[in-house]
Structure formats: structure tokens, C-alpha cells
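Residue strings, one per chain:
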Amino acid sequence: MTAFPESRRDDVVETLHGQEIADPYRWLEDPDSPDTQDWVRRQNEFTEAELSGYPERAWFRATMSAILARPRAGVPAKKAGWYFVGRNDGTQAQDVIYVAESLDELLSGGRVLIDPNTLSEDGTDSLGSFTVSPDGKYFAYGINESGSDWTTFRLLDIASGEPVDDVVTQSKFSEAVWLPDSSGYLYLHYPVTDGSEGTETSGLSSGRLTLHKIGTPQSEDTLVLHFEEQSTFISTEVSDDDRYVVALITEGTDPAAKLWLFPITSDGLGEPIKVVDEYRDEIFFVRMSGDQLVLQTDRDASRGRVVLSTLDGVFTDLVPEGESTLQAVSATAHGFVTLTLVDAQSVVTIYALDGSGARQVEISDGAVVGLNSSAKNADFFVGLSTVTDPTLSYVVSASTGAARALPELVRGTSPFTPPAVTVERRVAPGRDVPYFVITRSDLDYSAPRPTLMWGYGGFRIPIQTDYRPGWSGWLAAGGVLVITNLRGGGEYGSDWHDAGRLKNKQNVFDDFIGVASHLQETGVTTADQLAMHGRSNGGLLIGAVMTQRPDLFKVALPGVGVLDMLRFHKFTVGAAWVSDFGSPEDPEQFEDLLAYSPLHRVAAGTEYPATLVVTGDHDDRVVPLHSHKYIAALQHAQSGPAPILTRVEVNTGHGFGKPAAMVAAEWADLLAFAAHHTGLRVG
């Protein structure tokens, strides 16, 4: 047995719903204590010593560095007459925002408006969002420090590029939503008493919808709307006719929403019109149609539909439910555009305002990763990616649907050419779980090969064959990549989501296990060649599966996972996830959670797969204590020879905005670890 770094075991036992629950590593919940920091240091040193001996590491480091050095660009957006795009020449830690007065000027290069790489010495501060005042004067951008969800809003004068002396702090899960007269913007404010550094763990209070007037101190901001319930979220936008502030109100991550309209008057905001005032269905505002609203909803339509709604919430169909899954709807100058999923693959269609004239947009195969359109613009932009290629953007006519690719947005020479790949759609029988098998087109796969499985299965989030830097690295090495579509996700509508949440959460794990079994039964791979990876809710997936069926996998790679299912609701935004997981405070749901909680299913004397857990010390979404406690428990329980390691990144959070070099280094370690233990030969 490996001698792992010591993890102190305390005699902490809590009685929950009549059951005694041991929690010997509760001391690791304090990220700032000297004991925790010493533990992290020792674990990182142990991991580095182990990985430094892997011959695969140098190859993956060089390969991932080359992949992250590929020039790339995001999806353009037109706002208040200006064109914007994020671009990276391949050498920058963070994408740089460019601005231009025309699309042709943007394609020719444009002007640097803001370079987030100048915000911090180590490149860990990132641009979280940006919006533009309707008069085209101000650029309001949100900065996230060290990968935290905490946001600080600042302003630039777009024409001159000069900063404006106006700052708003302590926001989360929000962007600046401008009033039509450009006098100020709405944002979600989270007043805190224990700091907003990104390492605090206390439960987050309910956000306060607040109005900030430009040129006035934040202390004078006006409270617009607030609910006492801890996990209530409010998202806002201004209607395309500038008559209303549209507020969508949700309880945590539950898709069911209330929809209120605040009339915009010369005196401010009027009393809300409560179009939908119950948490019943998923609802998104699209645009106005005269005095009625165009909405996206799953009411009486698991796959979604587009409806016209009166101000008192009476719906009539514009685009009825079909066989495909409605993922997003956005306004255009001539009506609206829909993004649907046909067996987890993207289709973009334009419609007239009355729902007539459906016309599919002809764009290359790929997963849509961006759709920027507006009722005020004649064209809109679509971004697609594939497993091995980052975003390729198109400009599309809102009236005809004619599309033109914009490869010139990407500027620079790539040091890496991804391999040609073959994507095959398969279904695991019995549970009827669809999945993709991706292989290099030039290799022989007649014999089983090392395989990396990816999954998520939660929060109605669809999983597609879109770009992640590590996929190119694994495929270039000759490995098989498998992307699974599990219950709990959003690929097949709300019924598919419901089949994998709350009391049905075990279905997600069974689906993943079913695909793993099918891969082995059909000769794609073997148990000694199979690695699995997932992040966040996908980290929970990996943690649960490896404790339930450790025999099916050689390698487990849980990333920033929710792993303590009895205490997740007590930290930062965790209470918001009760809609998918259930509440540990409820006796019946507690039993369901305990049955699969990865931390609590770890059993001494079990031979677990080789495991590498990754997390960030500034992850204030899924706080790192989940990973810390899980690793300590696994190391204590491991009876086999496989290593149990953790990799704690400093000054990074849940993943968004991580500097390119850190992304490359993390992927290199994950893939080298998987390759080493599954027998994938590289170089």
C-alpha cells in the first residue's frame, strides 16, 4: 500500500435524522486554517512527486501547450452600433476584447478595448461579462478575481477607451442591465460580512436586484426587488421595445420561473405586472410582439415550445412542441431564431414574428456554443465548435437565413494541427443511453484501446460534441473519447431531466455504468483501459460511480465535484442545488442522498481505481472542501496499489476564466495520469 500524506481523523460524529454520521475530516472545511493549508501543500507535493515520474507527462505538457497556443476568437456581438469580439493570439492568458464600428473593421483587426491580461500579474483575473449602454457610450464589464464568482463592475468610455470613475462591487451571477436612457444599470448585489475574496464558505444570502445610477456612489443605489429565501435568483433584461424591465425569478437552479414586468417610467420603475406568478414551468422571455410577449416554455411541452403570452399569462402557440428539443430562442429584427437539439446535435432555424416562415440556417456540422442576436439588428452571429476545433463564427441574415463563415476573426498561426476524427453515435441497450464514440480516422480500432469517458447528467444542461482542449490531446495520443448523454441533462427535454434528479438521481450513475459496460461488451475497451472524467456535477458523477463500481474503471478523474451530499447546502451557493439533488434537511431526501453520497460511500479495504481529483482554492461555487474530504477518505480506505492524488490549483476557481497556461498544465496532468494507468503509449 502507498504511504499517502497524513490526514488527521477527528472524532466528529453528528446525528442526522436518527443516524450517526461520522465526519472525521470536517477540519478541512476551513480553507484558510493553517492545518488545511499545510495539508494542501503536502498533498500537492506528493502529487507532484508522483506525476514527475510519469514518462507520458512531458509529451502531454508539450502537446497541451501547443493546443492552448492555437489562435482563437469568440462569437461577435453587435451592441448599440458597435461590434465586439474576444480574441486570443495563442500567447495570452486571457482573451482580449476588440471593438470596431463595422463588421469589416472588426474582421480586419479592430481596436483593443480592454486587455484583461493587464489586470493581474499572474493572469488569474478574468472578464466575466460585458454590456453596452444603449447610447453607445459606456462599456460595463465585470471582473472576476482569481476565478471567483465575485464580480466587480467597472466602466470604459468606448470611443476613447478611457476608464470611467464608477465602480460597483459585491455582485454575483449577474451582468449590468442598462436602462433605456443609459442613466444606470441593474445588477444583483450580495452584501457580505465575511469578505468576498473567493475562499469564504458561508452560505450565500439572496441576491438583491439593485439599480445603480452612473456617477453616484454605490451606497446610494436603489433596491428594486429582494426575496428573503436564501436561494432565490433574479435575472433581468430590458424588453426590445424599451417599455419594461423583464425579471425572471427562480428558486435555485430549478428551471421553473416566475416572470414579472416592471414598467419603465419617467420616474423610474413602476409596480410589477406579474405575468406568471408561480413556480410551475421553465420560462424565458424572447421579445415583445405589440402588447404581448413571445416566450420560450416547457409548459405542457417537455421538449419546449414558443408561445405568445398576454400580460395575464394566457399562452398560445407560435412554434408548437416538436420532436427536437428547444434549447434557446432569441429575438431578431424579423422575428426570432431558435436553437434546437436533434439527438444532441444543433439546428438553427429562423422564424417570422408570428411563427411562420421557418427556415433552417445552413451552417457546418458542430455544436452551437454562441448565439448573439437582437431585435434591433438585421444580422445575427452564431458560433460553432467541434470536438477538436474551437469556435468558428458565422454572420447570418435575420431575413433570409443566409450564413457566411468568418474564419478571418482568428488571427495568427497555429502550432498544432488536430487529427482528423470520426464521430459515431451509439446507444447502450437496456437503459437506452445514447453516447458518442470519437476516434482518430487514421488508426485501427479493431482491438480494445485506452478510452476516456466524459459525462455530466444534471441541471438540464445538454452535453454535445463541442470543443474542450483536452479532447484534442487525448485523441492525438491515439485514445478513444466517449461523450455520454445521461438522464438529468437537457438533451431530450424536461422529462429527461426529471428522470435524473431528486429521487431519480441514481439513474444518472446507472446510465454511465451502462455505457461503460457496453463499451467493454462491444470491444471498444476493457476495464483495465477505461478512464472516466467529469467536472462539477460531473465530478459528483465520477465520485459516485467509482464508489459504486470501482471494478469497471482503471482511472477516475473527478473535477471540482460536489462530493459531500449531506452538507453541500451549507456552503456558498450550494442551497441552490436542492432542486436537482434534494435537501439533506428533508428526512426522505436525506436517505436518497446518503445512498449515493461519494464521501459517505467510501469503504475501507476497497481497491479503488487510480484517482486524481482536481480543484481550485478560490472555487466559491463548489468549494474545495468537497474534494479535500473525499481525497482524505479515499487515501485512508484504499487497499489496492493505485495512487489516490489531489491537485489543488492556487488562485483559481470553478474553471471559468482560468489562464491558458493553467488550463494546459491541468489537462496535461489529467491526461498523463489517465494514459499512464490505462496503458496509452505516447511519443
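Okay, so let's go over this structure.

Here's the deal with the overall build of the chain
Helix and strand counts for the chain stand at 12 helices and 40 strands. Here the C-alpha radius of gyration of the chain, 25 Å, is about what a compact globule of 683 residues would show, namely 26 Å. The C-alpha extent of the chain, read off along each of the three principal axes, is 70 × 55 × 50 Å. Here the chain, with 683 residues, has 59% of them falling under the buried criterion. Long-range contacts, defined as pairs at least 24 residues apart, comprise 58% of the intrachain contacts of the chain with a sequence gap of at least 6. Accessible surface, the chain: about 25,300 Å² in total, of which carbon and sulfur atoms supply 47%. Distance between charge centroids for the chain: 4 Å, based on 52 positive and 93 negative side chains.

Structural notes on the packing of aromatic side chains
Enumeration according to the criterion identifies 26 aromatic pairs in this entry. Geometrically, the ring pair formed by F84 and F130 is tilted, given 5.4 Å between the ring centres and 50° between the ring planes. Taken as a pair, F84 in strand β5 (residues 82-88) and F130 in strand β8 (residues 126-132) lie far apart in primary sequence, 46 residues in all. The pair formed by F84 and F130 is uniform in burial state, with each residue classed as buried. Judged by centre distance (5.5 Å) and plane angle (75°), the rings of F459 and F581 are edge-to-face. Remark: F581 occurs in helix α8 (residues 578-581) and F459 occurs in the loop between β35 (451-454) and α4 (469-476); sequence separation between them is 122 residues. The exposure classification of F459 matches that of F581, with both residues buried. R8 extends its terminal NZ or CZ atom over the ring of W27, reaching a point 4.4 Å from the ring centre. Its end group placed over the ring of F315, R299 keeps NZ or CZ at 4.2 Å from the ring centre.

Observations regarding the packing of helix α6 (residues 506-521) against helix α7 (residues 537-548)
Where α6 contacts α7, the axes come no closer than 10 Å and their chain directions differ by 70°. Taken together, the axes of α6 and α7 lie roughly perpendicular to each other. The chirality of how α6 crosses α7 is right-handed. Between α6 and α7, the contacting residues are Q506, V508, F509, F512 and I513 on the first element and L540, L541, I542, A544, V545 and Q548 on the second. Within the contact of α6 with α7, the residues separate by chemical class into 9 nonpolar, 2 polar and no charged.

Considerations on the side chain of S174
As for its position among the elements, S174 is in the loop between β11 (163-171) and β12 (177-178). At 3.1 Å, the side chain of S174 and the backbone nitrogen of L188 are in polar contact.

Regarding helix α9 (residues 587-596)
Along α9, the residues that are buried comprise F590, L593, L594 and Y596. The inward-facing, buried residues of α9 abut β1 (13-16), β2 (19-22), α6, α7, α8 and α10 (598-601). The N-cap residue of α9 is D586: its side-chain oxygen and the backbone nitrogen of E588 are 3.0 Å apart.

Side note on the pattern of salt bridges
Enumeration according to the criterion identifies 39 salt bridges in this entry. Across the pair R8 and D10 runs a salt bridge, and its minimum N-O distance is 2.8 Å. Overall, D10 belongs to the partly exposed group, its relative accessible area being 27%. Across the pair R431 and D511 runs a salt bridge, and its minimum N-O distance is 2.7 Å. Of the two residues, R431 sits in the loop between β33 (421-428) and β34 (433-440) while D511 sits in helix α6, which places them 80 residues apart along the sequence. Note on R431: relative accessible area 26%, which makes it partly exposed. In this structure D511 comes out as buried when scored by relative accessible area, which is 0%. It is possible to trace a salt-bridge network through shared partners that takes in E14, D23, R26, E29, D564, R567 and K629.

Points about the side chain of T484
Tracing the backbone through its elements, the reader meets T484 in strand β36 (residues 480-484). At 2.8 Å, the side chain of T484 and the backbone oxygen of W454 are in polar contact.

Considering the sheet that holds strand β30 (residues 379-385)
The strand order across the open sheet formed by 4 strands is β29-β30-β31-β32, and the pairing between neighbours is antiparallel. With one partner strand each, in any of the chains shown, β29 (367-372) and β32 (403-405) form the two edges of the open sheet. The average undirected angle you get between the axes of adjacent strands in this sheet is 25°. With 3 bridges connecting them, strand β31 (residues 392-397) and β32 associate as antiparallel partners. When the bridges of β32 are listed, V395 appears paired with R404.

What about unusual backbone geometry?
The backbone phi angle of L502 is positive, close to 55°, even though this residue is not glycine. Within the secondary structure, L502 is located in the loop between α5 (494-498) and α6. With phi around 40°, T572 is a residue other than glycine that occupies positive phi space. Residue placement: T572 occurs in the loop between β38 (555-559) and α8.

Looking at the nonpolar core
A general trend in soluble globular proteins is that nonpolar side chains are found buried together. Judged by nonpolar contacts, the single largest core of 123 residues is most densely connected at M453 and F581. Among the elements that take part in this core, helix α12 (residues 660-678) stands out by supplying 11 residues, more than any other. Apart from residues lying up to four places away in sequence, F581 is in contact with F459, L502, K505, N537, L540, V562, M565, F568, L593 and Y596. Of all hydrophobic cores here, the second largest spans 15 residues; its members include L248, V275, L295 and V307.

Here's the deal with the pairing of β2
The sheet contact formed by β1 and β2 spans 4 bridges and is antiparallel. Pairing of T15 across the sheet is with E20, part of β2. Taken together, β1 and the strand that follows it, β2, pair antiparallel across an intervening segment of 2 residues, in which H17 is found at a positive phi of about 50°.

Section: the sheet that holds β38
By definition, the strands of a sheet pair up through backbone hydrogen bonds, in either a parallel or an antiparallel sense. Strand order in the open sheet formed by 8 strands is β33-β34-β36-β35-β37-β38-β39-β40, and the pairing between neighbours is mixed. In this open sheet, the two strands that pair with only one neighbour each are β33 and β40 (644-649). Each neighbouring strand pair of the sheet contributes to a mean axis angle of 20°, computed without reference to strand direction. Strands in contact with α4 are β33, β34, β35 and β36; relative to β36, the strand with the most contacts, it is inclined by about 140°.

Definitions and cut-offs
Residues numbered from 1 in each chain as written. Predicted model: local features only at pLDDT ≥ 70, side-chain atom pairs only at ≥ 80, totals over all residues. Heavy atoms only, no water. Helix = DSSP H or I, 4+ residues; strand = E, 2+ residues; numbered from the N terminus. Rg over C-alpha atoms; globule rule 2.2 N^0.38 Å. Buried < 20%, exposed > 50% of the residue type's maximum accessible area, 1.4 Å probe, protein only. Contact = heavy atoms within 4.5 Å. Areas by Shrake-Rupley, 256 points an atom, 1.4 Å probe, with all protein chains shown as cover. Lys, Arg positive; Asp, Glu negative; His and termini not counted. Charge placed at Lys NZ, Arg CZ, Asp CG, Glu CD. Phe/Tyr/Trp six-rings, centres within 6.5 Å; stacked < 30°, edge-to-face > 60°. Lys NZ or Arg CZ within 6 Å of the ring centre and 35° of its normal. Axes fitted to C-alpha atoms, helices over the stretch in contact; angles between N-to-C directions. Parallel < 35°, antiparallel > 145°, perpendicular 65-115°, else oblique. Left-handed = near helix turned anticlockwise from the far one by under 90°. Nonpolar A, V, L, I, M, F, W, Y, C, P; charged D, E, K, R; others polar. Polar contact = N/O pair within 3.5 Å; in protein donor to acceptor, adjacent residues only side chain to side chain. Salt bridge = Lys/Arg side-chain N within 4 Å of Asp/Glu carboxyl O. Pairing = 2+ DSSP bridges. Core = buried A, V, L, I, M, F, W, Y, C linked by side-chain atoms within 4.5 Å.

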